[in-house]
Amino acid sequence: MLEKKDNVTELDVIVVGAGFSGLHILHEFLKRDYNVHLYDDGDGVGGTWDKNNYPGARVDSEVWVYQFTDPEIWQNYSFTEKFPSWRELKPYFNFVADKWKLRPHMTFNTRLEGATFDEQENVWHAKFNDGTVRRARHLVLAMGSTTTPAMPKIAGIETFKGEAYHSARWPKEEVSFQGKRVAVIGTGASGVQTIQEASRVADQVTVFQRTPNLALPMGQERYSGDEYAKMRPLIESAMTYSRQTFAGFAYDLGQRPWKDHTEAEKSAILRRNWEQRGFRFWLGAPADLFFDEECNRDHYYFWRDQTRKRIKKEHLIELLAPTEPPHPFGAKRPCLEQWYFDVYNQDNVELVDTNTNPIECVTENGIIAGGVMREFDCIVYATGFDNCTGAVAALDIKDGQGRTIKDVWDEKYLTYLGKMVPGFPNLLFTYALQSPSAFLNGPTAAELEGDWVVKTIVHLDMKDVRRYEAKSDAAHLWAQKCNDIADMSLMPQAKSWYMGANVPGKRPEIQMFIGGQIAYKTALDEEMENGYPGLILKEGREADAVATHRSEKVASL
Ligand code: N01
């Protein structure tokens, strides 16, 4: 353990982020008696669920896999919905924090702004927005992949006099759409959920759509306490199985090539996966969905025909469920919907296609699109995030050459195993660039990645490794692997956040490892079992020597 020095708090590990990953990592370090502390810029636990509190925000993983696998937790906490909303998830996180006795080890409303690595002592000096500096040997960034809101660049946004919210920065106090004229820009998961709720109570909902969401029926279910209790044995087996599947769900991709199926078999697969609801039609489909044009089109046409049955207004059919796919099915994230396509049959819901009616500007009273002015009381920007890179890249953390992680990624998306960036020693992150991220169920990823982070740090500490850093060639190989898998797939054909194509100016390239949970776990396990061949390890005295050399070099620049 480090000693307190120069009145600066000394820690073994700083963890940033109080979502699934951060809480799991904190808990695991505490179990090992580490001097660890977690910081979060929100005012409570929950990570994404503490901030995305827009009406209707709910998870689209089945609840039995959307929880920690610790029996102390899942055996003692009951949910009431198969796909719970943030209103149930926030108490869940509080329950976890109390059960694991995490509260004394967490500080909220405190944002990490930057950090410098002391090459002499192999210690991070982490700077927070309250002006404090904490020193720690290891810095673990568990800030999530959908963290940094992306606002569209629309003229006049700041002039609007009504209420305006980004879906991911929703106010803590209740926002009511009752009797209001509401604009929703964006039809991703956040937009779809907001639109569903707004359409129930608002006088008028105007949806500004650029790309239709190929949303799948959720199949929501509600449970009494007794019903949920009866499901507990199934929860355990679903959790166990989810650790063996591609995306961490209790179902898996089919491995038989699509072309080897008879027409009757194909129809049966499409119908069965559709009828089972949730993401089965996507992440329980034949794996060829992601690679084979014909398999993908068959899925799209099935989705289109089912969806069209629900759209009663003739002129909206082509906009919401086009004849030909706007992009390969599932290459852009579909979401789960409950009554989304039905809301367009209501008189109070209007759809504006921003491709033919581009948004020109926001005014004091509303939005001008396609030459038409519409007045609103409330504008919701459900325009997504600077995913995967945004949160980490925003930090003022510099390497030995004075480059930030953003500088590195502006040149090339580079990580080793989606965990580290060359040049940034003793710093690990989870659920970010070049990890499976959105292609792995959140809690599954949190435990898989978190366990690796904790075991790695503990192992290196035990070996007296003071400084560890990803090798550049190993990182280049990992980045290449991420790209090679993506290039074999249909993924690059969609202009999506998976490809980093949703933020103007962001360099489009696959943002995640899409080889699936098992391939990712194998890569992490091999790295550990083989003694970390992808890392430069400096033990004891050797680390001190490297530090001296580095410091002299930086001083001479
Ligand atoms: O963001 P998105 P999100 N003019 O990027 C549109 C997770 N999540 O917050 O598709 C007009 O998906 C943009 O249009 P286009 C989940 O992983 C999970 O909805 O780029 N439109 C798109 O329609 C999800 O994938 C849950 O053409 C503009 C929308 O805004 C991820 O978070 C719930 C525009 C952004 O969609 C992100 O979802 C919520 C412009 N200038 C989120 N700029 C659940 O678990 C952007 N758009 C259920």
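Rules used throughout
- Residues numbered from 1 in each chain as written.
- Predicted model: local features only at pLDDT ≥ 70, side-chain atom pairs only at ≥ 80, totals over all residues.
- Heavy atoms only, no water.
- Salt bridge = Lys/Arg side-chain N within 4 Å of Asp/Glu carboxyl O.
- Helix = DSSP H or I, 4+ residues; strand = E, 2+ residues; numbered from the N terminus.
- Buried < 20%, exposed > 50% of the residue type's maximum accessible area, 1.4 Å probe, protein only.
- Near = heavy atom within 4 Å.
- Polar contact = N/O pair within 3.5 Å; in protein donor to acceptor, adjacent residues only side chain to side chain.
- Nonpolar A, V, L, I, M, F, W, Y, C, P; charged D, E, K, R; others polar.
- 1 Å grid on protein atoms, 1.4 Å probe; cavity = no way out; pocket = protein on both sides within 12 Å on 5 of 7 lines; lining within 4 Å.
- Points joined across faces, edges and corners; volume = space filled by probe spheres on them.
- Pairing = 2+ DSSP bridges.
- Axes fitted to C-alpha atoms, helices over the stretch in contact; angles between N-to-C directions.
- Phe/Tyr/Trp six-rings, centres within 6.5 Å; stacked < 30°, edge-to-face > 60°.

(A) Molecular detail of the pattern of salt bridges. All chains considered together, the criterion is met by 47 salt bridges. Residue Asp 461 is joined to Arg 137 by a salt bridge in which the shortest nitrogen-to-oxygen separation is 2.8 Å. Here Asp 461, found in helix 14 (residues 442-462), pairs with Arg 137, found in strand 6 (residues 133-141); they are 324 residues apart in sequence, far enough to count as distant. In this structure, Asp 461 and Arg 137 share a single accessibility class: buried. For Arg 271, the salt bridge goes to Glu 275, with nearest N and O atoms at 3.6 Å. With Arg 271 and Glu 275 both in helix 7 (residues 263-275) and four residues apart, the pair spans about one turn of that helix.

(B) Spatial organisation of the site of the ligand. The local shell around the ligand holds 22 residues, among which Arg 58, Ser 190, Thr 211, Lys 332 and Arg 333 are the closest. Within the contact set of the ligand, an oxygen atom lies 2.9 Å away from a backbone nitrogen or oxygen of Ala 189. No other element matches helix 5 (residues 189-201), which puts three residues into the shell around the ligand. Class assignment of the residues belonging to the shell around the ligand gives a composition of eight nonpolar, nine polar and five charged.

(C) Representation of empty space enclosed by the protein. Taken as a whole, this structure holds one cavity of 30 Å³ or more when the rule is applied. Reported here for the largest cavity is a volume of approximately 40 Å³. Lining the largest cavity we find Leu 141, Met 143, Gly 144, Cys 388, Thr 389, Gly 390, Ala 391, Val 392, Phe 429, Thr 430 and Ala 432. A per-element tally of the lining of the largest cavity places helix 12 (residues 390-393) first, with three residues. Tallied by class, residues from the lining of the largest cavity come to seven nonpolar, four polar and no charged.

(D) Up close: the sheet that holds strand 12 (residues 349-353). Across the sheet, five strands lie side by side as 7-16-8-9-12; this open sheet has parallel pairing. Every other strand in the sheet has two partners, leaving strand 7 (163-166) and strand 12 as the edge strands with one partner each. The sheet shows a mean angle of 15° between the axes of neighbouring strands, direction not considered. In this sheet, strand 16 (residues 378-381) lies alongside strand 8 (residues 181-185) in parallel orientation, the contact comprising four bridges. Among the inter-strand pairings, Ile 185 is bridged to a residue of strand 16, identified as Tyr 381.

(E) Representation of the packing of aromatic side chains within the structure. Counted under the stated rule, the structure contains 42 aromatic pairs. Here the aromatic rings of Phe 68 and Tyr 92 are separated by 6.5 Å at their centres, their planes lie at 20°, and the arrangement is stacked. In this pair, Phe 68 is assigned in the loop between helix 2 (48-51) and helix 3 (71-74) and Tyr 92 in helix 4 (residues 86-99), connecting sequence segments 24 residues apart. Residue classification places Phe 68 among the buried positions, given a relative accessible area of 0%. Ring centres of Trp 274 and Phe 302 lie 5.7 Å apart, and the angle between their planes is 65°; on these two criteria the pair is classed as edge-to-face. A residue pair is termed long-range when its members are at least 10 positions apart, and Trp 274 in helix 7 and Phe 302 in helix 9 (residues 293-308) qualify at 28 residues.

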